[in-house]
Amino acid sequence: SPSLNINTEPYPPFPSSRMPSPSVKAKKASNSFYVGSSLVDNGVQSYEDGRYDEALKKFSTALKTQRLTLGNDHICIAHTLGNIGAVLLSQERFQDAIVVLEESLHIKSALRSNPDAALPHSISLIKISDTLNNLGNAAFLDGNFQDAMSYYQDSLKEITAGEIPGSVTEIANSLHNIGNVHCFLYELDEALLAHTESLHLIQTANGKDDLIAVDTMEKIGSIYLSQHRYDEAMEMFAEVLRVTKVVLGYHHVDCAPSTFNIGMTYEAQGNYRKAKESYQTALSIYQQNGVNDQNVEVVRQRMLQIKM
């Protein structure tokens, strides 16, 4: 069956000096308007250090101050709610994340539709694609695939046809996530279209030997395997292995999954000798890197079950 990983790494919290803006990398802006800026910036640092409980406490304290000072419909409120949502995502509190991210989205959407809304001087357009993406991540990880698809599609629409264009990487990531939701819904033809377009964008921007493309190529190979298109699957998995070796080295642990996938393809073709050789190579790579987890057990079990 297809590999079902997804790019669910949340857009991280923004410090107060990096409110989302029309540019791909948010422009520097004055902190003077931002209530609770020091708490927000300290919260971002805690988040980056992996201290999520501490980050959440700081963002929540900043939010209380902002609500008292600014009311409930200011862009700073939306910004801090988005930060809280990112932390909750990292804590795997998906339903809580959806609640605060929906409020952030509601505030941003209301401000965007109000031509008389007072915005800080540094902000002329309001970005919502990052909030939509994190909502998609939260819904997906909570098992609500249809909701996730809706959020991801809205995010893609924002960065391709909205006021604030997204980077090639953002567009590719949105397509990648849409493709993975299609995989979970077993809509493999639609998944293949989304992943193929994502791969094209990544490779056009970064070249053929870019590691960012590897995960998408693995998904495409897995779809081909599920569709019994074995030659195409083998070609894709071999390319994943080639790129991984070029960038990371022949014995890097990341070479093991694609080697295992090549073995799966050989096995599906009935070439059990080559399949077993591939499994043994994958197992050896894991062992050389001191890995002894569930992935290793999967390889071992596959070797035991193989027909010879």
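Refer to the preceding data block for the structure.
Let me sum up the structure you'll find in this document. (Residues numbered from 1 in each chain as written. Predicted model: local features only at pLDDT ≥ 70, side-chain atom pairs only at ≥ 80, totals over all residues. Heavy atoms only, no water.)

1. A closer look at the overall build of the protein
Of the regular secondary structure elements, the protein holds 13 helices and 0 strands. Ordered by position from N to C terminus, the α and β elements of the protein give α-α-α-α-α-α-α-α-α-α-α-α-α. Evaluated residue by residue, the protein yields a buried proportion of 49% over its 308 residues. Partitioning the intrachain contacts of the protein with sequence separation of at least 6 by distance along the chain shows that 60% fall at a separation of at least 24. With an accessible surface of roughly 14,600 Å², the protein has 50% of that area assigned to carbon and sulfur atoms. (Helix = DSSP H or I, 4+ residues; strand = E, 2+ residues; numbered from the N terminus. Buried < 20%, exposed > 50% of the residue type's maximum accessible area, 1.4 Å probe, protein only. Contact = heavy atoms within 4.5 Å. Areas by Shrake-Rupley, 256 points an atom, 1.4 Å probe, with all protein chains shown as cover.)

2. Some details on the pattern of salt bridges
Taken as a whole and judged by the stated rule, the model has 16 salt bridges. Between Glu54 and Lys58 there is a salt bridge, with its nearest N and O atoms 3.0 Å apart. Residue Glu54 and its partner Lys58 are located together in helix 2 (residues 52-70), separated by 4 residues, close to a single helical turn. A residue is classified by how much of its surface remains accessible, and Glu54, at 33% relative accessible area, is partly exposed. The exposure class assigned to Lys58 is partly exposed, which follows from its relative accessible area of 21%. (Salt bridge = Lys/Arg side-chain N within 4 Å of Asp/Glu carboxyl O.)

3. Considering the packing of helix 11 (residues 255-268) against helix 12 (residues 272-288)
Two elements in contact, helix 11 and helix 12, have axes separated by 8 Å at closest approach and are oriented at 165°. Our classification of the angle between helix 11 and helix 12 gives roughly antiparallel. In the packing of helix 11 onto helix 12, the handedness of the crossing is left-handed. In this structure, helix 11 uses Cys255, Ala256, Pro257, Thr259, Phe260, Ile262, Gly263, Met264, Tyr266 and Glu267 to contact helix 12, whose residues at the interface are Tyr272, Lys274, Ala275, Ser278, Tyr279, Thr281, Ala282, Ile285 and Tyr286. (Axes fitted to C-alpha atoms, helices over the stretch in contact; angles between N-to-C directions. Parallel < 35°, antiparallel > 145°, perpendicular 65-115°, else oblique. Left-handed = near helix turned anticlockwise from the far one by under 90°.)

4. A word on the side chain of Gln203
If you trace the backbone, Gln203 turns up in helix 8 (residues 188-206). The buried category is assigned to Gln203, whose relative accessible area is 15%. In this view, Gln203 contacts Lys208, Ala213 and Met217; residues no more than four positions away in its chain are not counted.

5. Digging into the environment of Gly136
Mapped onto the elements of the fold, Gly136 is located in helix 5 (residues 129-141). Distance from Gly136 to Ser174, taken between C-alpha atoms, is 9.8 Å for residues 38 residues apart in sequence. With residues up to four places along the chain from it excluded, the contact list for Gly136 reads Ala148, Tyr151 and Tyr152.

6. A closer look at helix 11
Given a rise of 1.5 Å per residue, 14 residues ought to cover 20 Å, and the 20 Å separating the end C-alpha atoms of helix 11 matches this to within 8%. For helix 11, the buried fraction is high: 10 of the 14 residues fall into the buried class. Every buried residue of helix 11 is listed here: Cys255, Ala256, Ser258, Thr259, Phe260, Asn261, Ile262, Gly263, Thr265 and Glu267. Looking one or two places after helix 11, you find Gly270, whose phi comes out positive at around 85°. (Expected span 1.5 Å × (residues − 1).)

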